[in-house]
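As a plain string of letters, each chain reads:
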Amino acid sequence: MRVLLSRAALHSRAPEHPELNFNTGTNVSDTADTKLNCGPGGGGWRLLLANSAVESFDLADNRYLNLHQCVWTSSGQYYMGLLPNTPNANFNTGTNASRTADNALNCRPGGGGWALDRTNSAYHPLGG
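Residues numbered from 1 in each chain as written. Predicted model: local features only at pLDDT ≥ 70, side-chain atom pairs only at ≥ 80, totals over all residues. Heavy atoms only, no water.

K.L.:
Help me understand the environment of Ala-53 in this model?
P.N.:
With respect to the element layout, Ala-53 can be found in the loop between strand 4 (45-47) and strand 5 (64-74). Residues Ala-53 and Cys-38 lie 15 residues apart in sequence; the distance between their C-alpha atoms is 9.7 Å. (Helix = DSSP H or I, 4+ residues; strand = E, 2+ residues; numbered from the N terminus.)

Here you go:
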C-alpha cells in the first residue's frame, strides 16, 4: 500500500491500477519483499513515504490474514490505512497474520487534527 499527497488531500492505492504511475508492488510470493515498490504518482500527487510501507505476511505458518481497515477524518476529509508498520505510527493498524482470527478492531488514534472514525473502520479475518 502506498499513500500519495496532493495539496491537503491523501490518496491510497493498491496494485494494478490502469494509471501506471499509481501502481504498487503488492503480490503473493514464496519470498518476502523487503523494499517498497511504488510508482512515482503524477498530476500533482507525490508519494508520501511517512504513510507508505512494505509488510510481508507469513501465510504458510498462519491460518488467517486479519485485515484492519482504519479510517481517520479531519475537516471533512478521510484517510484510510491498512498497514501496521508505517513510519507515521499514529495511523497504523492491527493488520496481521495469525493462527487465530482477530475479534476486535485495532487502530491507532490518529493525531495532528485527525481522529479515528470507528463508523467507517472495520476488521475482517480472511482464512479459516
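K.L.:
What's the story with the state of the cysteines in this structure? I'm lost.
P.N.:
One covalent bond between the sulfur atoms of two cysteine residues makes up a disulfide. The final tally for this structure, using the stated rule, is one disulfide. Between the sulfur atoms of Cys-70 and its disulfide mate Cys-107 the distance is 2.0 Å. An S-S torsion of about -85° defines the bridge between Cys-70 and Cys-107 as left-handed. Here Cys-70, found in strand 5, pairs with Cys-107, found in the loop between strand 7 (96-98) and strand 8 (110-111); they are 37 residues apart in sequence, far enough to count as distant. In terms of burial, Cys-70 and Cys-107 fall into one category: buried. (Disulfide = S-S within 2.5 Å. Buried < 20%, exposed > 50% of the residue type's maximum accessible area, 1.4 Å probe, protein only.)

K.L.:
Where do I start with the nonpolar core in this structure?
P.N.:
Soluble globular proteins tend to pack their nonpolar side chains together in the buried interior. Formed by Cys-70, Trp-72, Tyr-79, Phe-91, Cys-107 and Trp-114, the largest nonpolar core amounts to six residues. Not counting residues within four places of it along the chain, the set of residues in contact with Cys-107 comprises Cys-70, Asn-92, Leu-116 and Ser-121. (Core = buried A, V, L, I, M, F, W, Y, C linked by side-chain atoms within 4.5 Å. Contact = heavy atoms within 4.5 Å.)

K.L.:
Please explain the pairing of strand 6 (residues 77-81) as it appears in this structure.
P.N.:
The side chains of a regular strand alternate, first on one face of the sheet and then on the other. In terms of strand pairing, strand 5 meets strand 6 through five bridges, oriented antiparallel. By the bridge assignment, Thr-73 is partnered in strand 6 with Tyr-78. (Pairing = 2+ DSSP bridges.)

K.L.:
Which parts of the structure should I look at to understand the packing of aromatic side chains?
P.N.:
Describing an aromatic ring pair means giving the distance of the ring centres and the angle of the ring planes. This model, assessed by the stated rule, comprises three aromatic pairs. Their ring planes at 75° and their centres at 5.2 Å tell us that Trp-72 and Phe-91 sit as a pair that is edge-to-face. Placement of the pair is Trp-72 in strand 5 and Phe-91 in the loop between strand 6 and strand 7, with a sequence separation of 19 residues. The burial state of Trp-72 is the same as that of Phe-91; both residues are buried. Plain terms: the ring middles of Tyr-79 and Phe-91 are 5.9 Å apart, the flat faces sit at 80° to each other, and that makes the pair edge-to-face. With a gap of twelve residues between them, Tyr-79 in strand 6 and Phe-91 in the loop between strand 6 and strand 7 connect regions that are remote in the sequence. Of the two residues, Tyr-79 and Phe-91, neither departs from the other in class, the shared state being buried. Among the aromatic residues, ring-to-ring pairing joins Trp-72, Tyr-79 and Phe-91 into one connected group. (Phe/Tyr/Trp six-rings, centres within 6.5 Å; stacked < 30°, edge-to-face > 60°.)

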